[in-house]
Amino acid sequence: MERNHGIDFLKNICVVMIVTLHILKASGTLVTNNDAARYCLSWLLETLSYCAVDCFALMTGYLMLGKKFKLSRIISLWMQVFFYSTGILALFAIFSPNLLTKHDIIAALFPIASSSYWYLTAYMFLLFLMPFLNLLLDNLDRSATNLLVTAVVVLLSVLPTILNYDIFFTNKGYSMLWLAGLYIIGARIRKYGFNKNISAIDAFFAYLVVSVAVWISIPYYGIQWLNYTSPMILLASVSLLFCSLRINWRHQAFCKIMSLLAPLSFSTYLIHAHPLLWKTILSPWFSAYAFLPSGGFIPAVIVSAVIMQIVCCLIEFLRSKIFSLLRIHVFENYIDCRIDYFWHSAL
């Protein structure tokens, strides 16, 4: 199947944005107002990047609607996660065993159960719900689908944000429930499309306007409108998805680079957000960015995020080659087939 270059591009951009969010938090510039210019620019970059997580969940719904459920996909993801979680743990055990605690070891050995990666834990549960969500969406007509999407937006986004109260326990978006809601919205976009009169420029302009509006609201409302379930952040993420899908991708070399990096990009999250690596090395390193001059702070953050993306993709490329040589995919498909056989036999 031909790759969607818009989705590939957006995946890479969103990974850079997520790393940017983590760097900004580690730098401390979002809470320290000793440099007004740097403080304001930090919050602007924060709001421009905040929709990245929602974008990933929207893309999941957009890509997975109508796809057959494959247990091998879950097994493959779990093995990738376990490789990095235990691999980084092993490196610390060899070179810095004094930094390890019992909690670190348990978290690394059970990364999903321990919620070491909150998004991964929520996403893993969502993977098991996908066939049921797809079955629901496949059997709903357009008006019923629109009604479902409206309910998701109003109940999980608009009301909790306006009331500033987590009515349905979405934990400001750090939950499987919110990811499932975004999956439904993304799937609706895939099934029925969107207004063809909206150009890529229009969509990007909407993303900028909404993000800047959230930035302006911070001195007055704090971060009430800056969370994953915020309708403003949701609108920004939908706008970015529209923009990426509407761009007419003509540059062959650029498309090839994006297509090469996109399947590798999830590793950036698994590597740089590993609790041990983050708290002992990366977070202290990025905290020093608070001492950079205002003019160099934002470029340093963005360049660091891009470099992190490239380095982690290179590591993931090597891992995928090693797994390929070891024919791990054969094992994954075998487990998938056996479970599928026993499941249908039981029925």
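Residues numbered from 1 in each chain as written. Predicted model: local features only at pLDDT ≥ 70, side-chain atom pairs only at ≥ 80, totals over all residues. Heavy atoms only, no water.

Chemist: For this particular structure, what's the right way to read the overall build of the protein?
Modeler: Within the protein, the secondary structure is distributed over 15 helices and 0 strands. The C-alpha radius of gyration computed for the protein amounts to 21 Å, which stays within 12% of the reference 20 Å derived for 347 residues, consistent with globular compactness. Dimensions of the protein, computed from C-alpha atoms along their principal axes, come out at roughly 65 × 60 × 45 Å. Across the 347 residues of the protein, 48% fall into the buried class. Counting contacts in the protein only where the partners sit at least 6 residues apart, residues at least 24 apart contribute 82% of the total. Here the protein displays about 17,900 Å² of accessible surface, and carbon together with sulfur accounts for 70% of that area. (Helix = DSSP H or I, 4+ residues; strand = E, 2+ residues; numbered from the N terminus. Rg over C-alpha atoms; globule rule 2.2 N^0.38 Å. Buried < 20%, exposed > 50% of the residue type's maximum accessible area, 1.4 Å probe, protein only. Contact = heavy atoms within 4.5 Å. Areas by Shrake-Rupley, 256 points an atom, 1.4 Å probe, with all protein chains shown as cover.)

Chemist: Sorry, what's going on with helix α8 (residues 176–192) here?
Modeler: An α-helical turn contains 3.6 residues, so a residue and the one three or four places further along point in the same direction. Here α8 is 17 residues long and its end C-alpha atoms lie 24 Å apart, about the 24 Å a rise of 1.5 Å per residue gives. With 12 of 17 residues buried, α8 lies mostly within the body of the structure. Among all positions of α8, only W178, L179, A180, G181, L182, Y183, I184, I185, G186, A187, R188 and I189 are buried. Along its buried surface, α8 packs onto α3 (52–64), α6 (118–138), α7 (142–163) and α10 (231–246). Among the residues trailing α8, G193 stands out with phi positive, at a value near 70 degrees. (Expected span 1.5 Å × (residues − 1).)

Chemist: I'm lost on the packing of aromatic side chains in this one. Help?
Modeler: What describes a pair of aromatic rings is the distance from one ring centre to the other and the angle between the planes of the rings. Inspection of every chain in the model, using the stated rule, returns 16 aromatic pairs. Measuring from centroid to centroid gives 5.4 Å for F286 and Y289, while their planes differ by 90 degrees, and the two rings are edge-to-face. In terms of burial, F286 and Y289 fall into one category: buried. Members of the aromatic cluster, connected to one another through ring pairs, are Y50, W118, Y119, Y123, Y174 and Y228. Over the aromatic face of F194 sits the side chain of K196, whose NZ or CZ is 5.4 Å from the ring centroid. Taking NZ or CZ as reference, R319 lies 4.5 Å from the ring centre of F323, over its face. (Phe/Tyr/Trp six-rings, centres within 6.5 Å; stacked < 30°, edge-to-face > 60°. Lys NZ or Arg CZ within 6 Å of the ring centre and 35° of its normal.)

Chemist: Please explain the pattern of salt bridges as it appears in this structure.
Modeler: Close approach of charged atoms lets side chains of opposite charge pair. Per the counting criterion, the structure on display carries 2 salt bridges. D104 is the salt-bridge partner of K279, the closest N and O atoms lying 3.0 Å from each other. Taken together, the positions of K279 in helix α13 (residues 275–287) and D104 in helix α5 (residues 102–109) put the pair 175 residues apart, joining distant regions of the chain. By relative accessible area, which is 43% here, K279 ends up partly exposed. With its nearest N and O atoms 2.7 Å apart, the salt bridge here joins R319 to E316. You can see R319 and its partner E316 sitting in helix α14 (residues 294–325), 3 residues apart, about one turn around the helix. (Salt bridge = Lys/Arg side-chain N within 4 Å of Asp/Glu carboxyl O.)

Chemist: Any chance you could explain unusual backbone geometry here in plain terms?
Modeler: It is generally the case that most residues other than glycine have a negative phi and that most peptide bonds are trans. A positive phi angle, near 60 degrees, is found at S115, a position not held by glycine. For S115, the position within the fold is in the loop between α5 and α6. Positive phi outside glycine occurs at K172, with the angle close to 60 degrees. Of note, K172 is situated in the loop between α7 and α8. Residue classification places K172 among the partly exposed positions, given a relative accessible area of 32%.

Chemist: Even after reading the chapter, I still don't get a positive patch on the surface, so can you show me in this structure?
Modeler: Together, K67, K68, K70, R73 and R190 make up a region of like positive charge exposed at the surface. Judged by relative accessible area, which is 33%, R73 ranks as partly exposed. (Patch = residues over 30% accessible without salt bridge, like charges linked within 9 Å, V, L, I, M, F, W, Y side chains within 5 Å. Lys, Arg positive; Asp, Glu negative; His and termini not counted. Charge placed at Lys NZ, Arg CZ, Asp CG, Glu CD.)

Chemist: How should the packing of helix α4 (residues 71–95) against α5 be read in this particular structure?
Modeler: The packing of two helices is summarised by the inter-axis angle and the distance between the axes. Where α4 contacts α5, the axes come no closer than 8 Å and their chain directions differ by 155 degrees. As judged from the angle between their axes, α4 and α5 are roughly antiparallel. Here α4 contributes F82, S85, T86 and L89 to the contact with α5, which in turn contributes I105, A107, A108 and L109. Class assignment for the residues of the contact of α4 with α5 results in 6 nonpolar, 2 polar and no charged. (Axes fitted to C-alpha atoms, helices over the stretch in contact; angles between N-to-C directions. Parallel < 35°, antiparallel > 145°, perpendicular 65-115°, else oblique. Nonpolar A, V, L, I, M, F, W, Y, C, P; charged D, E, K, R; others polar.)

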